[in-house]
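Observations on chain architecture
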2 protein chains.
Amino acid sequence: MMSQSAMKEALQQYLDGFNNKDHDAVISLFADDARVEDPVGGGQVLEGKSAIAPFYQSSVASVEKLELAAPIRGSHGNAAAIAFMIYVEMEGKKVRIHCTDVMTFNEAGKIVDMKAYWGPEDIEFL
Amino acid sequence: MMSQSAMKEALQQYLDGFNNKDHDAVISLFADDARVEDPVGGGQVLEGKSAIAPFYQSSVASVEKLELAAPIRGSHGNAAAIAFMIYVEMEGKKVRIHCTDVMTFNEAGKIVDMKAYWGPEDIEFL
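Notes on the structure follow. Note that the structure is predicted; figures quoted are calculated from it, not measured.

When its secondary structure is counted, chain A shows three helices and seven strands. Moving toward the C terminus, one meets the helices and strands of chain A in the order α-α-β-β-α-β-β-β-β-β. Relative to a compact globule of 126 residues, whose C-alpha radius of gyration would be 14 Å, chain A shows 14 Å and is just as compact. Buried positions account for 50% of the 126 residues belonging to chain A. Sequence-distant contacts, at least 24 apart, represent 51% of the contacts inside chain A between residues at least 6 apart. A gap of 4 Å separates the mean positions of the 11 positive and 19 negative side-chain charges of chain A.

Below, the discussion takes up the relation of the copies chain B and chain A. To go from the first copy of the chain to the second, apply a rotation about an axis and then a shift along the same axis. Overlaying chain B with chain A gives an RMSD of 0.0 Å, the required rotation being 180° about an axis along which the chain moves by 0.0 Å. Such a combination of turn and shift is consistent with a two-fold rotation axis.

On to the interface of chain B and chain A, then. Every contact between the two is made by 31 residues of chain B and, on the other side, 31 residues of chain A. Interface area for chain B against chain A, summed over the two sides, is near 2,300 Å², with a carbon-plus-sulfur share of 61%. Scanning the region where chain B abuts chain A turns up two salt bridges. K8 of chain B serves as the salt-bridge partner of D122 of chain A, at 2.4 Å between the closest nitrogen and oxygen. Remark: the boundary between chain B and chain A carries 20 residue pairs in polar contact (both at pLDDT 80 or more). When contributions to the side of chain B that touches chain A are tallied by element, the ones reaching two or more residues are helix 1 (4-19), strand 4 (79-90) and strand 5 (93-105) of chain B.

Let us now look at the packing of helix 1 of chain B against helix 3 (residues 49-62) of chain B. All names here are of chain B. Running from N to C, helix 1 and helix 3 cross one another at 60°; their axes reach a closest spacing of 8 Å. Viewed along their axes, helix 1 and helix 3 adopt a mutual orientation that is oblique. Listed contacts from helix 3 to Y14, G17 and F18 of helix 1 are Y56, S59 and V60.

Another point: the side chain of D122 of chain A. The topology assignment puts D122 of chain A in the loop between strand 6 (111-117) and strand 7 (123-125). In this structure D122 of chain A comes out as buried when scored by relative accessible area, which is 3%. A polar contact of 2.7 Å, which involves the side chain of D122 of chain A, links it to the backbone nitrogen of G119 of chain A. Leaving out residues up to four positions away in the same chain, D122 of chain A has contacts with R96, I97 and H98 of chain A together with K8, I72, R73, G74 and S75 of chain B.

What counts as what
- Residues numbered from 1 in each chain as written.
- Chains lettered and ligands numbered in written order.
- Predicted model: local features only at pLDDT ≥ 70, side-chain atom pairs only at ≥ 80, totals over all residues.
- Heavy atoms only, no water.
- Helix = DSSP H or I, 4+ residues; strand = E, 2+ residues; numbered from the N terminus.
- Rg over C-alpha atoms; globule rule 2.2 N^0.38 Å.
- Buried < 20%, exposed > 50% of the residue type's maximum accessible area, 1.4 Å probe, protein only.
- Contact = heavy atoms within 4.5 Å.
- Lys, Arg positive; Asp, Glu negative; His and termini not counted.
- Charge placed at Lys NZ, Arg CZ, Asp CG, Glu CD.
- Least-squares fit on C-alpha atoms with pLDDT ≥ 70 in both.
- Buried area = accessible area lost by both parts, 1.4 Å probe.
- Salt bridge = Lys/Arg side-chain N within 4 Å of Asp/Glu carboxyl O.
- Polar contact = N/O pair within 3.5 Å; in protein donor to acceptor, adjacent residues only side chain to side chain.
- Axes fitted to C-alpha atoms, helices over the stretch in contact; angles between N-to-C directions.
- Parallel < 35°, antiparallel > 145°, perpendicular 65-115°, else oblique.

As structure tokens, then:
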């Protein structure tokens, strides 16, 4: 089983990758067969690294910063959760999106599943 | 689809039910066929209200309080997430557990799925 501290370190690297504008660092955290649903219920699930890579290239470029809202949580299995805020521009206006990501890891320590929980009401205009 | 504000209100009632020591209020938020996995990866999934009710009777009785760590998040679907802290005694010692719950709702506004993300390393002895 994936260690809790290794998962938390990976999720910290996810945040750091965004904040360092290093999309390769973010993309390298994912397994080749990973699935990304961002936002949950948005109707689109990205499957495989060839779909995930351009998504993160564009996200990392557009996001101003990610800010952790609470300590990263693990679980008794291969899943961990981060509550954070996304600072980004939407329609030319600065917004803060309150988001929680749940990530599941494979035995090699790579993210195989990412679900981002945020809805229209979690967007705050600044 | 379930409204985001209705889901957030239900999750606030979940926290309030614990803090008011009102297990009936907590249990009434769940659908009859709900599933509860607490903690995720713990090896046990409670299925149906007859399994869920005693779990919450005992949890509400033993938990000192729940404290929200960040604003409740919704999604673009019927799921929402809360990051919070559980104040409880473990083996005679007061602890704080950093936890994130993800809840999925049915069309009637009841919780059909609850997953609690916290691991051994999320327990802080006070």
